[in-house]
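The lines below spell out each chain.
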Amino acid sequence: MHKWKSRNSGTRRIYRIGFTSLSTSTFNHSSWSWRPIQSNSWAEAERATGVGSTIGAGIYILVGTVAREHSGPALFISFLIAGIAAALSAFCYAELASRCPSAGSAYHYSYICVGEGVAWLIGWALILEYTIGGSAVARGISPNLALFFGGQDSLPFFLARQHIPGFDVLVDPCAAVLVLVVTGLLCVGIKESTLAQAVVTSINVCAMLFIIIAGSYLGFKTGWAGYELPAGYFPFGVDGMLAGSATVFFAYIGFDSVASTAEEVKNPQRDLPLGIGLALSICCCLYMLVSVVIVGLVPYYAMDPDTPISSAFAAYGMQWAAYLVAAGAVMALCSTLMGSILPQPRILMAMARDGLLPSFFSDINKRSQVPVKSTLVTGLGSAVLAFFMDVSQLAGMVSVGTLLAFTMVAVSVLILRYVPPNEVPFPSSLQEIIDSVSLRYSTGSQEVTKEKSGFHASTSMDSNLPLLGKATAIEYPIIVKQGAQGNFFINEGSRRKIAGWTITATFVGAFLLAYAASDLNLPRLLRFIVCGIGGALLLFGLIVLTCIEQDDARHNFGHSGGFICPFVPLLPIVCFLVNIYLLINLGAATWTRVSVWLIVGVLVYTFYGRTHSSLLDAVYVPATHADEIYRSSGESSP
């Protein structure tokens, strides 16, 4: 990747590995480079999007279930551990969002680092996640909303749930209407929708602060009955507390929606990492404080698994508090609904820019500056599912897309640090300019230039990108390094190969270790063998990546001056180890359903995406010369 200045403004842009075929007059398309769609968006709204997407109704429900079955009074430690695990992914997201701000989020990062095929599967899984996630959230709003009308069956007839005889279907008009309302709001503009989400999130946060303050008052007044137990703070042991962490981890899902709005943020290098970090920090603190208060008010074994917070206040004669808690739950669900629908149109837009979906999905409305057509398709699909289907059985599928995205983001950080892409695709319409630049480099100091850059122009058939699986011979200079016993020589091409294979071995080791550590029906001896092999590969990868130097090209990849993920390679390795462990433990039924969806995605990619991919006619040139080619194309355009 290579950075350059726009001819018409001071906006920083970056090349993107992957593009939509463009003429020279439209070379500033955002699929090639980043540009803000709406520069008047503000950082506070971006942070509200992250907080609102993360603080969902899970805290109002998970508290009771996890405390009764796993953690007991140690529930707040479960939330802390889950928050730390989520922070690992957040660090990786923050660096990639800062370097490569794009609407595609995890799809875009996978496209750059791993290749088009894997990126398609990630994007396809994210579509499933956001569609089912939005539908499930919408179905949960009507029961909470009904409390304000006098009871669960007290909603107006045209909004109340109705059972259709003969089809065994329970339709929910209220859920469908809410999805359509949110869709319309998102079509108005990112500024207006983030403002609405900021208001809804503020109400939700106020409700949680009320729970913390009022609950603390009751706890100090009554002596914290929930903590005076003979079994102590770990009635289910440390294993139960860790199992609770795996369950409440999904309460933190949602901060990744911040990265999907990258093209609508004025200063992505500052606002995206700050928005992700603040969203996760605020959510973790609120979750821990609420769990400390509620578990202390009522013994864990006496908590209501469905309405733990409102029933805790009711036990102390505060029935009126149930309405405030219900208001907080409704606001949390509405905020999460917006966070579920917001990212999907932007992922569809990014995939359409690369030719993997029809161009219909990449259209940007000139007035609102948002992908209105993609948003309408997303909203209508979620509304239909919310109206007809009870998506509770499909809820586990939501986690697959998120964890797959988290895993690929961690892998992408390692790739960008050790083996960043060294070629940039240009449309074939710029072939003459590429040839002229190549000729310019071949004159004068020809030999020196070739030795330093290995300049060549290739087509998509002989590119050395991971996507295409074919390597092009590129001459690298011999680099002298200082070793423990003296000087030694290492070829840069060999270093990149070693780093690439080591990253692959580390990923395989993490999978084997997580698989063996899971509660699966493996013979004991085989489990120890698999665990040993996986642990050895993981440790080998960590040692090798720690010893070898990171690629110098990482400093010129994408935007500079943004957030840098710390403790590389340790942090990304731990991140995808945790995510793989959670993926394996989702269960066979969930993976069976997801496999059907992924097979459909493979068929779509095979018969449409791959044949319409913008990479088919790409001309690849070294990233170090992309700046001059861009300037030459700008000078030649009218």
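Residues numbered from 1 in each chain as written. Predicted model: local features only at pLDDT ≥ 70, side-chain atom pairs only at ≥ 80, totals over all residues. Heavy atoms only, no water.

## Let's talk about the overall build of the chain
Selection rule: Here a strand is any run of E in DSSP of at least two residues, a helix any run of H or I of at least four, and the numbering for each starts at the N terminus. Throughout this description, buried means an accessible area under 20% of the type-specific maximum (1.4 Å probe, protein chains only), exposed means over 50%, and partly exposed covers the range between. Any two residues whose heavy atoms approach within 4.5 Å at even a single point are treated as in contact. For accessible areas, the Shrake-Rupley method is used with a probe of radius 1.4 Å. Any residue's cover is judged against the shown protein chains and nothing else.
When helices and strands are counted, the chain shows 23 helices and nine strands. For the chain, the proportion of its 638 residues judged to be buried stands at 55%. Pairs at least 24 residues apart make up 81% of the contacts formed inside the chain by residues separated by at least 6 positions. Here the chain displays about 26400 Å² of accessible surface, and carbon together with sulfur accounts for 66% of that area.

## Considerations on the nonpolar core
One broad trend across soluble globular proteins is that nonpolar side chains are buried collectively. Put simply, the rule reads: Residues enter a nonpolar core if they are buried and are Ala, Val, Leu, Ile, Met, Phe, Trp, Tyr or Cys, with the set joined through side-chain atoms within 4.5 Å.
Grouped together as the largest cluster of nonpolar side chains are 123 residues, with contacts concentrated most on Tyr-60, Phe-79, Tyr-93, Tyr-287, Ile-294 and Phe-313. At 15 residues, helix H16 (residues 396–418) tops the list of elements feeding residues into this core. Excluding its chain neighbours within four sequence positions, the residues that come into contact with Phe-79 are Ile-59, Val-248, Ala-251, Tyr-252, Cys-284, Tyr-287, Met-288 and Ser-291. One finds Ile-141, Cys-187, Cys-334 and Ala-383 within the second-largest nonpolar core, a separate group that totals 23 residues.

## Section: the packing of helix H5 (residues 116–139) against helix H22 (residues 588–612)
Stated precisely, the cut-off is as follows: To get an axis, a line is fitted to the C-alpha atoms, and for a helix only the part in contact is used. The angle between two axes follows their N-to-C directions and goes from 0 to 180 degrees. The cut-offs work like this: below 35 degrees is roughly parallel, past 145 is roughly antiparallel, 65 to 115 is roughly perpendicular, and the gaps in between are oblique. Take the far helix as the reference: if the near one is turned anticlockwise from it by less than a right angle, the crossing is left-handed, and if turned clockwise, right-handed. Under the grouping applied here, Gly and all other residues not named as nonpolar or charged are polar, the nonpolar ones being Ala, Val, Leu, Ile, Met, Phe, Trp, Tyr, Cys and Pro and the charged ones Asp, Glu, Lys and Arg.
Here H5 crosses H22 at 130 degrees, and the two axes come no closer than 10 Å. It follows from the interaxial angle that H5 and H22 lie oblique. In this structure, H5 meets H22 at a crossing whose hand is right-handed. For the pair H5 and H22, contact is made by Glu-116, Gly-117, Trp-120, Leu-121, Trp-124, Ala-125, Ile-127 and Leu-128 and by Trp-597, Leu-598, Val-600, Gly-601, Val-602, Val-604 and Tyr-605, respectively. Within the contact of H5 with H22, the residues separate by chemical class into 12 nonpolar, two polar and one charged.

## Observations concerning the environment of Leu-297
Tracing the chain through its elements places Leu-297 in helix H11 (residues 268–297). Leu-297 gets classed as buried once you look at its relative accessible area, which sits at 2%. On a C-alpha basis, the gap between Leu-297 and Gly-215 in space is 7.3 Å, while along the polypeptide they are 82 residues apart. Setting aside residues no more than four positions away along its own chain, Leu-297 makes contact with Gly-215, Leu-218, Gly-219, Trp-224, Ala-225, Gly-226 and Tyr-316.

## Side note on the pattern of salt bridges
Worth spelling out the cut-off: By salt bridge we mean one thing: a side-chain nitrogen of Lys or Arg within 4 Å of a carboxyl oxygen of Asp or Glu.
If you walk through the whole model with that rule in mind, you get six salt bridges. Here Arg-99 makes a salt bridge to Glu-95, at a shortest N to O gap of 3.0 Å. Pair noted here: Arg-99 and Glu-95 are both in helix H3 (residues 75–99), with a separation of four residues, about one helical turn. An identical accessibility class is assigned to Arg-99 and Glu-95; each is buried. Its salt-bridge partner being Asp-172, residue Arg-161 comes within 2.8 Å of it at the nearest N-O pair. Of this pair, Arg-161 sits in the loop between helix H6 (141–146) and strand E3 (162–164) while Asp-172 sits in the loop between strand E4 (169–171) and helix H7 (173–188), and the two are 11 residues apart along the sequence. Residue Arg-161 is classed as partly exposed on the basis of its relative accessible area, which comes to 32%. Counted as one network, the salt bridges with shared partners bring together Glu-95, Arg-99 and Arg-417.

## What about the confidence of the model for the chain?
To keep things clear, this is the line we draw: Scored from 0 to 100, pLDDT reflects the predictor's confidence in each residue.
Averaged over every residue, the pLDDT of the chain is 77; residues scoring 70 or more account for 77%. The model gives residues 1–45 a pLDDT under 50, and that stretch makes 165 contacts with residues more than four places away or in other chains. Across residues 448–488, where pLDDT falls below 50, the model places 88 contacts with residues more than four positions away in sequence or in other chains.

## Overview of the environment of Arg-68
Note that Arg-68 resides in helix H2 (residues 58–71). With 227 residues separating them along the chain, Arg-68 and Val-295 place their C-alpha atoms 9.9 Å apart. Here Arg-68 is in contact with Phe-236, Tyr-300, Tyr-301, Ala-302, Met-303 and Pro-305, once residues within four sequence places are set aside.

## Here's the deal with H22
So the rule is basically this: Expected helix span is taken as 1.5 Å per residue step, with the number of steps being one fewer than the number of residues. Fitting axes to the seven residues ending at a residue and to the seven starting there, one defines the bend at that residue as the angle between these axes.
Compared with the 36 Å implied by 1.5 Å per residue over 25 residues, the 34 Å span of H22 between its first and last C-alpha is a close match. Bending of H22 peaks at approximately 50 degrees at the position of Tyr-605. For H22, the set of buried residues is Thr-590, Val-594, Leu-598, Gly-601, Tyr-605 and Gly-609.

## Quick look at the packing of aromatic side chains
Basically, it comes down to this: Stacked, tilted and edge-to-face are the three classes applied to pairs of Phe, Tyr and Trp rings, where Trp contributes its six-membered ring and a pair requires centres within 6.5 Å; stacked means planes under 30 degrees apart, edge-to-face means over 60, and tilted covers the rest.
Evaluated as defined, the whole model comprises 20 aromatic pairs. By the ring-pair criterion, three or more aromatic residues cluster together here, those being Trp-120, Trp-124, Trp-597 and Tyr-605.

## Description of a nonpolar patch on the surface
The following threshold applies: Patch building starts from residues that exceed 30% relative accessible area and form no salt bridge, then joins like charges within 9 Å and nonpolar side chains (Val, Leu, Ile, Met, Phe, Trp, Tyr) within 5 Å.
A grouping of Leu-147, Phe-148, Phe-149 and Tyr-323 is seen on the molecular surface, where their side chains present a nonpolar patch of about 420 Å² in accessible area. Inspection of the secondary structure puts Tyr-323 in helix H13 (residues 321–341).

## Considering the pairing of strand E9 (residues 619–622)
Our working definition: Strands pair, by our definition, only if DSSP identifies at least two bridges between them.
The alternating pattern of E9 places Val-619 and Val-621 on one face and Tyr-620 and Pro-622 on the opposite face, and all of these are buried. Looking at chain direction, strand E5 (residues 423–426) and E9 are connected through four bridges and run antiparallel. Its bridge partner lying in E9, Glu-423 is registered against Pro-622.

## A closer look at the packing of H5 against helix H15 (residues 372–388)
Two elements in contact, H5 and H15, have axes separated by 8 Å at closest approach and are oriented at 45 degrees. Classified by the interaxial angle, the pair formed by H5 and H15 is oblique. The two elements H5 and H15 cross, and the hand of that crossing is right-handed. Of the residues in H15, those touching H5 at Thr-131, Ser-135, Ala-138 and Arg-139 are Ser-382, Leu-385, Ala-386, Phe-387 and Phe-388. Split by residue class, the contact of H5 with H15 holds five nonpolar, three polar and one charged.

## Focus on unusual backbone geometry
The amide bond that connects Val-568 to the next residue, Pro-569, takes the cis arrangement and shows omega of 15 degrees. Assignment of secondary structure puts Pro-569 in the loop between helix H20 (524–547) and helix H21 (570–584). Even without being glycine, Trp-224 reaches a positive phi, approximately 50 degrees. The residue Trp-224 is located in the loop between helix H8 (190–222) and helix H9 (237–248) in this model. A positive phi angle, close to 55 degrees, is found at Phe-567, a residue other than glycine. Assignment of secondary structure puts Phe-567 in the loop between H20 and H21. According to the relative accessible area criterion, Phe-567 is exposed, its value standing at 65%.

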